[in-house]
Amino acid sequence: MEAATEPSADIAVIGLAVMGQNLILNMNDHGFKVVAFNRTVTKVDDFLNNEAAGTNVVGAHSIEEMVAQLKTPRRVMLMVKAGEAVDQTIEHLLPLLDPGDIIIDGGNSLFTDTERRLKFVEEKGLLYIGAGVSGGEEGARNGPSIMPGGSPAAWPHVKSIFQSIAAKVDDGTPCCDWVGEGGAGHYVKMIHNGIEYGDMQLIGEAYQLLKDHLGMSADDMSAVFAQWNKGELDSFLIQITSEILAYKDTDGQPLVDKILDTAGQKGTGKWTVMSSAELGQPVTLISEAVYARCISAFKDQRLAASKVLQGPKPNGSGDHSLAGSIGQALYAAKIVSYAQGYMLLRAAANDYGWNLNYGGIALMWRGGCIIRSRFLGDIKKAFDTDPALLNLLLDPFFAKATADAQEGWRTVVATAAMTGIPVPAMSTALAFYDAYRTENLPANLLQAQRDYFGAHTYERIDQARGQFFHTNWTGQGGTTSSSSYTV
Ligand code: NBP
C-alpha cells in the first residue's frame, strides 16, 4: 500500500466503522477512487484485505499519506463518531489542506456544532459541508438519503459523488440535493431522526393495541402490518415491523416477545425536542415519542407501579374490526407528526436564515432513509402545488386524509383511554389537531390569570392587536404592569 506518485483519488473517507466502510464501497461501485483512513490504522489494512479486497479502494497509514493521494480540490469526508472526534480530526486535517479544499462531516453532528465548525474552517479559506446520511448500514452500502448543507461553493465539487451513491426514487431522481447554508443539512437530518422517533412510537402504539386490546398473535399482527404496507401506510418501518413480528426465535416462538421493553436513544430525538422548545413550535408528537422512550427505561418502577396503581387493564377481548381504525389512527397521527416537523423546519429556516426547499426535503426522505414511505411522495406533491404552504394539514389532500381517518382515530384514542393502554403519540396528535382547528382556546382565561398574579397584561378581542391592558383584579396593588413578551 504505497502512496501513488500522482494524486489520483477522488475523495478520502476517515472512519472505517460500519457507515464509513459501506459508503466507501458504494463510492467505489460508482467509479470513484476512494482513499480510506482510520484512527486505529490496523483497521485500514483489515478493510483493504477483506471488505474492500478486489476493489479500487486505496488506503493510507497516516493522514499525511491520505492527503497526498487526493486530487485537488481535496475532498475529505469524516465518518467518525459525532462530537469531539470530529473536532479532533478537523484539527489534524487543517494544517495539511489548502484553501478551497473541502471537509465533509457525514456523521450525526448537532447542527450548532456544524455551524461552529463551518465558520472555523471557512476562516481558514477551506469549505465545509455538514451532511446528514440516513439509511444505516444497508443504505450506506446501496444508496442512502444524503442531506448536505454548508458552504454553497463546495456543493458543485461533491454533487456528482453524492448524487451517484444516493438512493434513487422511481423516476431516477437521487435522494440527495443541496439543503442550504450553515448547519441546514444536519438540521434536516435531525428532524428526519425526530420524525423517525414519532413514526416508531406510533407503530409501537398500534402494536400494543393489536396485541393487548385485540389479543392478536404475532403472526396475525404481522399480517395486519403487511396489509397496511400495501396502502397509504406503505413504508420501510411498517414493512420491517411486519417482518419482525413474523420472526421466530430458535424455539419457534416470536423473538419480539422476548425482547426487554426498554428503549434506548442516542440524542437526535432529544435535540429535535430542544430545538422545538427553543423556536416555540409545538412538536408534540416527537416530544411524546422521546418521553415514551424515557418512561420505557423505568422498567423497575413500572413493574412496582403496575402492582399499586389502579385502572383498567386490557384483556385481549377487543373486536378485531378495530384493527382498521387503528390503521386510521396511525395514518392521521403520522400526518400530524410530519405537519409538526415541517412547522419546525420552517421556523428554523426563518430563524437561521436558511432557504429550505420543503418539497425537495420530502424527496430526499422518499428513498434510502429509515422514514422512506409512499406518504413522502404526497408531501412532495403538496409543496410542489404550494411551495409557501403554511401547514401540511391545510393542504387539500392531507385535510381530506385526516377528515377521512378521523372517526377511527377518535375511536381508537377513546378506546385506549377506556382500556388503560397508553397511546401518547396518537392522542397528542389528536389534541394538536383539535387545538389547531379551534377558533377560541382557553388562553383568554390563562392571560387573565397571568395578569391577575403578575400584571403580565392581555390583549382584548374588542381592540386592535398589539395593545396591552392591565386590570387591577383585586382592587389592591398598583397599576404598574410587567413587560409583555411572546414565547
Ligand atoms: P461510530 O459512530 O461507532 O464511530 C466509530 C468511528 O469513529 C471509528 O472509525 C473510530 O475510530 C472513529 N473515532 C472515534 Br470513536 N473517536 C475518534 C477520534 N477521536 N478521532 C478519530 N476517529 C475517531 O461509527 P458509525 O456507526 O459508522 O457512524 C459514523 C457516523 O455516522 C456517526 O456520527 C454516526 O452517528 C453516524 N450515523 C450512523 C448510522 C448507523 O446506522 N450506524 C446511521 C447514520 C449516521 P477507531 O476505529 O480508531 O476507534
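The structure under discussion appears in the preceding block.
Residues numbered from 1 in each chain as written. Predicted model: local features only at pLDDT ≥ 70, side-chain atom pairs only at ≥ 80, totals over all residues. Heavy atoms only, no water.

## Brief notes about the overall build of the protein
Now for step 1: Each helix and strand counted, the protein has 19 helices and eight strands in total.
Now for step 2: What you see for the protein is a C-alpha radius of gyration of 26 Å, in line with the 23 Å of a compact globule of 487 residues.
Now for step 3: Along the first, second and third principal axes, the C-alpha set of the protein runs to 85 × 70 × 45 Å.
Now for step 4: Residues classed as buried in the protein amount to 50% of the 487 residues present.
Now for step 5: Excluding contacts between residues fewer than 6 apart, the proportion of contacts in the protein whose partners are at least 24 apart in sequence is 68%.
Now for step 6: When the accessible surface of the protein is summed, it comes to about 22,800 Å², and 53% of that surface belongs to carbon and sulfur atoms. (Helix = DSSP H or I, 4+ residues; strand = E, 2+ residues; numbered from the N terminus. Rg over C-alpha atoms; globule rule 2.2 N^0.38 Å. Buried < 20%, exposed > 50% of the residue type's maximum accessible area, 1.4 Å probe, protein only. Contact = heavy atoms within 4.5 Å. Areas by Shrake-Rupley, 256 points an atom, 1.4 Å probe, with all protein chains shown as cover.)

## Overview of the environment of threonine 42
Now for step 1: Tracing the sequence through the fold places threonine 42 in helix α2 (residues 42-49).
Now for step 2: What makes threonine 42 exposed here is its relative accessible area of 53%.

## So, the packing of aromatic side chains
In this description, a pair of aromatic rings is defined by centroid distance and the angle of the planes.
Now for step 1: Applying the stated criterion across every chain yields a total of 21 aromatic pairs.
Now for step 2: Ring geometry for tyrosine 187 against tyrosine 352: centres 6.3 Å apart, planes inclined by 55°, an arrangement best described as tilted. With tyrosine 187 in helix α8 (residues 184-213) and tyrosine 352 in helix α14 (residues 322-352), this residue pair connects regions lying 165 residues apart in the sequence.
Now for step 3: Given the relative accessible area of 0%, tyrosine 187 is considered buried.
Now for step 4: Here tyrosine 352 falls in the partly exposed class, since its relative accessible area comes to 29%.
Now for step 5: Ring geometry for tyrosine 342 versus tyrosine 358: centroids 6.2 Å apart, planes at 65°, classification edge-to-face. Within this pair, whereas tyrosine 342 is found in helix α14, its partner tyrosine 358 is found in helix α15 (residues 358-364), the two being separated by 16 residues in sequence. No difference in accessibility class separates tyrosine 342 from tyrosine 358, as the two residues are buried.
Now for step 6: In this structure an aromatic cluster arises from ring pairing among Tyr331, Tyr338, Phe375, Phe397 and Phe398.
Now for step 7: Between arginine 372 and the ring centre of phenylalanine 236, over which it is positioned, the NZ or CZ distance is 4.1 Å. (Phe/Tyr/Trp six-rings, centres within 6.5 Å; stacked < 30°, edge-to-face > 60°. Lys NZ or Arg CZ within 6 Å of the ring centre and 35° of its normal.)

## Structural notes on the nonpolar core
Now for step 1: Formed by 87 residues in total, the largest nonpolar core has its most connected members in Trp365 and Met426.
Now for step 2: Residues in contact with methionine 426, not counting those within four places in the same chain, are Leu202, Glu205, Ala206, Leu209, Ile326, Ala329, Leu330, Ala333, Trp409, Val412 and Val413.
Now for step 3: Within the second largest apolar cluster, 35 residues are counted, among which are Ala52, Ile104, Trp155 and Ala166. (Core = buried A, V, L, I, M, F, W, Y, C linked by side-chain atoms within 4.5 Å.)

## Overview of unusual backbone geometry
Now for step 1: In this structure, the amide linkage connecting threonine 72 to the following residue, proline 73, adopts the cis form with an omega of -10°.
Now for step 2: Its location among the elements puts proline 73 in the loop between α3 (63-68) and β4 (75-78).
Now for step 3: In the Ramachandran plot, alanine 455 falls in the positive-phi region, its phi being about 50° despite a non-glycine side chain.
Now for step 4: Examined against the element boundaries, alanine 455 turns out to sit in the segment after α19 (443-454).
Now for step 5: Assessed through its relative accessible area of 13%, alanine 455 is described here as buried.

## Considerations on α8
Now for step 1: Between its terminal C-alpha atoms α8 stretches 42 Å, which fits the 44 Å expected from 30 residues at 1.5 Å a residue.
Now for step 2: Most of α8 sits out of view: 25 of its 30 residues are buried.
Now for step 3: The first or second residue beyond α8 is glycine 215, which carries a positive phi of 65°. (Expected span 1.5 Å × (residues − 1).)

## Overview of the sheet that holds strand β7 (residues 145-150)
Now for step 1: Strand order in this open sheet of eight strands is β3-β2-β1-β4-β5-β6-β7-β8, and the pairing throughout is mixed. Two strands bound the open sheet, and with one partner strand each, they are β3 (58-59) and β8 (180-181).
Now for step 2: Here six bridges tie strand β6 (residues 127-134) to β7, and the two strands are oriented antiparallel to one another. Bridged to serine 134 within β7 is serine 145.
Now for step 3: Strands in contact with helix α4 (residues 84-93) are β1 (11-14), β4, β5 (102-105) and β6; relative to β4, the strand with the most contacts, it is inclined by about 160°.
Now for step 4: Lying over the sheet, α8 contacts β5, β6, β7 and β8, oriented at roughly 15° with respect to β6. (Pairing = 2+ DSSP bridges. Axes fitted to C-alpha atoms, helices over the stretch in contact; angles between N-to-C directions.)

## What about the side chain of lysine 334?
Now for step 1: Its location among the elements puts lysine 334 in helix α14.
Now for step 2: Contact partners of lysine 334, with chain neighbours within four places excluded, come to Asp199, Leu202, Leu233, Ser235, Ser373 and Phe375.

## Some points on the pairing of strand β2 (residues 34-37)
Now for step 1: Here β2 shows two buried faces, one formed by Val34 and Ala36 and the other by Val35 and Phe37.
Now for step 2: Sheet topology places β1 next to β2; four bridges connect them, and they run parallel. Bridging across to β2, isoleucine 11 finds its partner in valine 34.
Now for step 3: Bridge analysis of β2 against β3 gives two bridges, and the strand direction is parallel. Across the sheet, residue alanine 36 finds its bridge partner in β3, namely glycine 59.

## Some details on the site of the ligand
Now for step 1: Inspection of the region around the ligand gives 20 residues, with Met19, Asn38, Thr40, Lys43 and Gln88 positioned closest.
Now for step 2: Valine 18 is positioned such that a nitrogen or oxygen atom in its backbone is 3.4 Å from an oxygen atom of the ligand.
Now for step 3: Between the ligand and asparagine 38, the relevant distance is 2.7 Å, taken from an oxygen atom to a side-chain nitrogen or oxygen of the residue.
Now for step 4: Contact with the protein chains hides 76% of the accessible area of the ligand, taken as 900 Å² for the molecule alone.
Now for step 5: Those elements that provide at least two residues to the shell around the ligand are α1 (18-29) and α4.
Now for step 6: Classifying every residue of the shell around the ligand by side-chain character gives nine nonpolar, eight polar and three charged. (Near = heavy atom within 4 Å. Polar contact = N/O pair within 3.5 Å; in protein donor to acceptor, adjacent residues only side chain to side chain. Nonpolar A, V, L, I, M, F, W, Y, C, P; charged D, E, K, R; others polar.)

## Points about a nonpolar patch on the surface
Now for step 1: Residues Tyr247, Leu255 and Ile259 make up a contiguous nonpolar surface patch of about 300 Å² in total accessible area.
Now for step 2: Structurally, the position occupied by leucine 255 is in the loop between α10 (236-246) and α11 (268-278).
Now for step 3: A residue is classified by how much of its surface remains accessible, and leucine 255, at 31% relative accessible area, is partly exposed. (Patch = residues over 30% accessible without salt bridge, like charges linked within 9 Å, V, L, I, M, F, W, Y side chains within 5 Å. Salt bridge = Lys/Arg side-chain N within 4 Å of Asp/Glu carboxyl O.)

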